[in-house]
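Okay, here's what each chain looks like letter by letter:
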Amino acid sequence: MKPIAKDKYIPLKPIIHPWIEKLLADKDLLADTVKQQCSPVNIQSVTPFAENIAEYKRVFEQYELKHKIFFARKANKCLTFAKAAAAAGEGVDTASHKELQQCLEAGIPGDQLILTAAIKNIPLIELAVEEHVTIIIDNMDEYDSLDSIVLANETTAKISLRIGGFTLDGKTLPTRFGFPLDEAYKLITEQIKKHPFLRFSGLHFHLNGYAIDQRVAAIAQSIKLIDDLAAAGISCEHLDIGGGYLVNYLAHKKEWEAFHQELKQAVLGQRPAITYQNDPLGMVLIDGKLHGEPTVYPYYNELPKAVFLEKILSSEDVSYGQPIHELIKARNIELRIEPGRSLLDQAGITVARVVFRKNDTEGNLLVGLEMNRTQMKSSSADFLLDPIHITHQSTELQEPVDGYLVGGYCLEQEFLLKRKIQFATYPKIGDLIIFPNTAGYMMHFFESQAHQFALANNVFCTADLQITKHDGD
Ligand SMILES: Cc1ncc(COP(=O)(O)O)c(C=O)c1O
């Protein structure tokens, strides 16, 4: 790769869906929306959501697999998306009492819902049983609670077991979730099979990370368990392989690679900083040597969404010597997935208003936005997409200016982005800053109301640019 000029700005151009391009072209509508809804406002669209569902379906259909997609609602709290998933004939994966109850109240039938909540208290299990929602059981205490509830009420419940502890290359994939495979086999064959009210329907797992070989190993080992159960006279209707499908946020691989190269050089003192106070974004500098890689989401990747699913299904498992899709089809199992982030790819933006410009003690330009860091945050060490600056100023006569975006919490660390941003013009009070592609996790997962700040409003944008309220959250 060619060396980059010493202080050159490294852009990270986001991919932008046509609905967002259309909205951004209407500066007055954007300004009015912020005026009415306050800053920041989350503007969303169900169009990309429906497109993303269709993309997954094409892959399942290509392999003629029985399938069902359960949208993982935890990735975005707006009920509008859950309703859109159900309207498309798919389902919703719920992770709390409120998530489940809202879906039921919205008229989504129990058989289109699953419950994967990490903590299931008695009222939550009771609600799921009453509404015939498949309950994904994670541990024996949960099982015992369910057992007591169905025995006391003499009602049946559909259960699926979460399994974990898969192995790859002789090592166990560590997890805090699920039953080891041998324990799952024992529980199903010795207790669930004989239970008067529990009906075993399938197996579930969700893996951390994005390694294809781990997914393939987990599916193959689940299939081995399914075969063992079949030999014991127990049929498994579905295998749910969870969520965790990549999203590609960035337009150019070159920019992504250049960013990593320049960040390392900056942290080593070989070029000016590109992050606030030369933040290494999770790398560690010891005695002049840099260790590790930035702990950031792989914002650029070439295996997004349905491509990732296709790669898993077409991979061959070594123990069976057959591609995964053939193993599943041969057993006539319904393959289930629980995508969250990837169904929300391109489905929302976060818009905030500029309220001040100032310099810090080191002369850095700080641009203050009327929002806080929890309103656009994920577990990644930074959000690595260029924000879009909307201004009514002419950009022709002005020089670009570099600076940092800061928010409303009182902490020194309240930087909305750690990365230095280049603005085409010096931002003016009232200008808007757009964070693209924030619907998956970024806008809701970490939002807090410290300082008594109100949570951001959520609105939806129709194809003809009507801004509508969403259906509760
Ligand atoms: C059980 C389960 N299913 C589905 C998901 C959704 O994952 P993603 O949004 O990465 O697709 C998660 C995310 O944490 C999860 O824990």
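Residues numbered from 1 in each chain as written. Predicted model: local features only at pLDDT ≥ 70, side-chain atom pairs only at ≥ 80, totals over all residues. Heavy atoms only, no water.

1. A look at the pattern of salt bridges
Tallied over the full model, the rule gives 16 salt bridges. Across the salt bridge formed by Lys305 and Glu55, the nearest N and O atoms sit 3.9 Å from each other. Taken as a pair, Lys305 in helix H11 (residues 305-314) and Glu55 in helix H3 (residues 47-62) lie far apart in primary sequence, 250 residues in all. By relative accessible area, which is 11% here, Lys305 ends up buried. Judged by relative accessible area, which is 26%, Glu55 ranks as partly exposed. The salt bridge involving Lys253 is made with Glu302; its shortest N-O contact spans 4.0 Å. With Lys253 in helix H10 (residues 253-267) and Glu302 in the loop between strand S13 (289-291) and H11, this residue pair connects regions lying 49 residues apart in the sequence. The structure contains a network of salt bridges with shared partners spanning Glu55, Lys305 and Asp345. (Salt bridge = Lys/Arg side-chain N within 4 Å of Asp/Glu carboxyl O. Helix = DSSP H or I, 4+ residues; strand = E, 2+ residues; numbered from the N terminus. Buried < 20%, exposed > 50% of the residue type's maximum accessible area, 1.4 Å probe, protein only.)

2. Concerning the UniProt feature "active site" (unreviewed entry) in the protein chain
As recorded in UniProt, the feature "active site" (unreviewed entry) lies at Cys410. One can find Cys410 in the loop between strand S20 (401-406) and strand S21 (421-423). (UniProt positions renumbered as here; feature names shortened; annotations may be inferred.)

3. Looking at the packing of aromatic side chains
Going through the model one piece at a time under the given rule, you end up with 19 aromatic pairs. For the ring pair Phe166 and Phe205, a centre distance of 5.1 Å and an interplane angle of 70 degrees mean the geometry is edge-to-face. In this pair, Phe166 sits in the loop between strand S6 (157-164) and strand S7 (167-168) while Phe205 sits in the loop between strand S10 (198-204) and helix H9 (212-231), placing the two residues 39 residues apart along the sequence. Since its relative accessible area comes to 1%, Phe166 is described here as buried. Measuring from centroid to centroid gives 5.4 Å for Tyr297 and Tyr299, while their planes differ by 65 degrees, and the two rings are edge-to-face. On the basis of relative accessibility, which here comes to 7%, the residue Tyr297 falls in the buried class. Ring-pair connections join several aromatic residues into one group, and the members of that group are Tyr210, Tyr249, Trp256, Tyr297, Tyr299, Phe383 and Phe435. If you follow Arg341 out to its NZ or CZ, it ends over the ring of Tyr297, 4.1 Å from the centre. For Lys377, the ring lying beneath its charged end belongs to Phe446, and the centroid distance is 5.4 Å. (Phe/Tyr/Trp six-rings, centres within 6.5 Å; stacked < 30°, edge-to-face > 60°. Lys NZ or Arg CZ within 6 Å of the ring centre and 35° of its normal.)

4. A few points about the site of the ligand
If you check the shell around the ligand, you find Ala72, Lys74, Asp93, Arg162, His206, Gly243, Gly244, Glu338, Pro339, Gly340, Arg341 and Tyr441 and nothing else. Asp93 places a polar side-chain atom, nitrogen or oxygen, 3.5 Å from a nitrogen atom of the ligand. Within the backbone of Arg341, an N or O atom sits 2.8 Å from an oxygen atom of the ligand. For the ligand, the protein covers 85% of the area, taking 390 Å² as the surface of the free molecule. Across the shell around the ligand, the residue classes tally to 3 nonpolar, 4 polar and 5 charged. (Near = heavy atom within 4 Å. Polar contact = N/O pair within 3.5 Å; in protein donor to acceptor, adjacent residues only side chain to side chain. Areas by Shrake-Rupley, 256 points an atom, 1.4 Å probe, with all protein chains shown as cover. Nonpolar A, V, L, I, M, F, W, Y, C, P; charged D, E, K, R; others polar.)

5. Some points on the pairing of strand S3 (residues 91-94)
Here S3 shows no split at all, with Gly91 and Asp93 on one side and Val92 and Thr94 on the other all buried. Note: S3 against strand S4 (residues 113-115), 3 bridges, orientation parallel. By the bridge assignment, Thr94 is partnered in S4 with Leu115. Note that the unit made of S3, helix H5 (residues 97-105) and S4 has a crossover that is right-handed. (Pairing = 2+ DSSP bridges. Right-handed = clockwise from strand over helix to strand, strands pointing away.)

6. Quick notes on the UniProt feature "modified residue: N6-(pyridoxal phosphate)lysine" (unreviewed entry) in the protein chain
UniProt annotation of "modified residue: N6-(pyridoxal phosphate)lysine" (unreviewed entry) refers to Lys74 when read in the numbering used here. Looking at the element boundaries, Lys74 is found in the loop between strand S2 (67-72) and helix H4 (79-87). Its relative accessible area of 33% is what places Lys74 among the partly exposed residues. With residues near it in sequence (within four places) discarded, Lys74 still touches Asp93, Ala95, Glu99, Thr116, Tyr441 and Phe445. (Contact = heavy atoms within 4.5 Å.)

7. Structural notes on the packing of helix H1 (residues 18-25) against helix H2 (residues 27-37)
Packing of H1 against H2 leaves a shortest axis separation of 5 Å and a crossing angle of 85 degrees. It follows that H1 is roughly perpendicular to H2 by the angle criterion. Along its contact with H1, which presents Leu23, Leu24 and Ala25, the element H2 presents Lys27, Leu29 and Leu30. Of the residues assigned to the contact of H1 with H2, the class counts are 5 nonpolar, no polar and 1 charged. (Axes fitted to C-alpha atoms, helices over the stretch in contact; angles between N-to-C directions. Parallel < 35°, antiparallel > 145°, perpendicular 65-115°, else oblique.)

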